[in-house]
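Spelled out, the chains give:
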Amino acid sequence: MKSLSLSLSLLLLLLLLVSSVVSGYVCANEVDSLIDTSSIRAQIVAKHHAVLSAEMTGRINRMQLREGQKLDKGELLVAFDCDIQKAQLSKAKAQQSASRNTLSGHRRMAELNAIGEVELENSRLELAKSQADVDYLNAQIKRCELRAPYSGVIADLMVNEHEFIQIGSPILEILDTSELQVEFIAPSSWISWLKPGYPFSILVEDTGKIYQSEVSYIGAKVDAVSQSIKVVARISDLNEEIRPGMSGQIQMVQDQK
């Protein structure tokens, strides 16, 4: 009788263990099908942004700019004091004209056999040299003006008018606010279903509003330590209230199909 009771107890215990395993398996599957986005933070950045630096050493002659100012492509941003370079260009052009006259005279003399081929070739080389000097100074003077590479807005100013700066010194940061994108770090396990064009929404805390978005592309490299990957998306209903630097939380539902 005791043996039968012990067998029933063992059978009941085994049934309980099997039930627990099955229940745990089901729960685990249910958890795996959910997407926890509570810790997925996203930041809004400008697709085109750049810190423009000085292409020459000199004093800033004109820079009437302010942070937040809107700019058009090609608009003059900074003008350097280039009086010396302009004077050198005038001198180079005068030498170019003199070399051209010399070559013209030597050609006539060569036709009369008054000079040899060597003198005529030297005249050609002098004209080519003077042309190279003019081209070089023209290129230098082009660097005296810094213009906007694209339409946008000034995010930051690093120098002031009348300051003397060195070549390569950062001058200003410009952002193209017409093309904004969302960047966030997602678990690498999402790669199996998260594809370009996948829709989701983002709650931007700075405005307190939800905006519809879709994935543009997914990074090529998975971070081996955090098992995560970079995702870049675009905001479908972009408007002027959204600015670079704002952040929020993504809201995404996995497609169960």
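Source: prediction; values computed, not measured.

Reading the values: rules and limits
- Residues numbered from 1 in each chain as written.
- Predicted model: local features only at pLDDT ≥ 70, side-chain atom pairs only at ≥ 80, totals over all residues.
- Heavy atoms only, no water.
- Core = buried A, V, L, I, M, F, W, Y, C linked by side-chain atoms within 4.5 Å.
- Buried < 20%, exposed > 50% of the residue type's maximum accessible area, 1.4 Å probe, protein only.
- Helix = DSSP H or I, 4+ residues; strand = E, 2+ residues; numbered from the N terminus.
- Pairing = 2+ DSSP bridges.
- pLDDT = per-residue confidence, 0-100.
- Contact = heavy atoms within 4.5 Å.
- Disulfide = S-S within 2.5 Å.

### Digging into the nonpolar core
One recurring pattern in soluble globular proteins is that nonpolar side chains are buried together. I44, V182, F184, W190, L194, I250 and M252 are the most contacted members of the largest nonpolar core, which has 26 residues in total. Of all the secondary structure elements, the ones that give two or more residues to this core are β1 (41-46), β10 (180-187), β11 (199-204), β12 (209-218) and β13 (228-235). Counting residues per element, this core draws most heavily on β10, which supplies four residues. Membership of the second largest hydrophobic core comes to 21 residues, among which are L52, M56, L65 and Y150.

### What to know about the pairing of strand β3 (residues 58-62)
Bridge count between β3 and strand β8 (residues 164-165): two bridges; the pairing is antiparallel. Bridged to G58 within β8 is I165. Across two bridges, β3 lies against strand β5 (residues 76-80) in antiparallel orientation. Opposite R62, over in β5, you have A79 as the bridge partner.

### Brief notes about the confidence of the model for the protein
Segments scoring low in pLDDT should not have their predicted coordinates read at a detailed level. Taken over all residues, the pLDDT of the protein has a mean of 85, while the share at 70 or more is 84%. Ignoring residues within four places in sequence, the model shows residues 10-14, a span with pLDDT below 50, making zero contacts including any to other chains. Per-residue pLDDT stays below 50 along residues 16-35; that stretch engages in seven contacts with residues further than four places along the chain or on separate chains.

### A closer look at the state of the cysteines
Within this structure, the stated rule accounts for one disulfide. Linked covalently through their sulfurs, C82 and C144 form a disulfide whose S-S length is 1.8 Å. Classification of the bridge connecting C82 and C144 rests on its S-S torsion, roughly -105°, and on that basis the disulfide is left-handed. With C82 in the loop between β5 and α2 (83-111) and C144 in the loop between α3 (117-142) and β6 (145-147), this pair connects stretches of sequence that are 62 residues apart. We classify C144 as buried; its relative accessible area is 4%.

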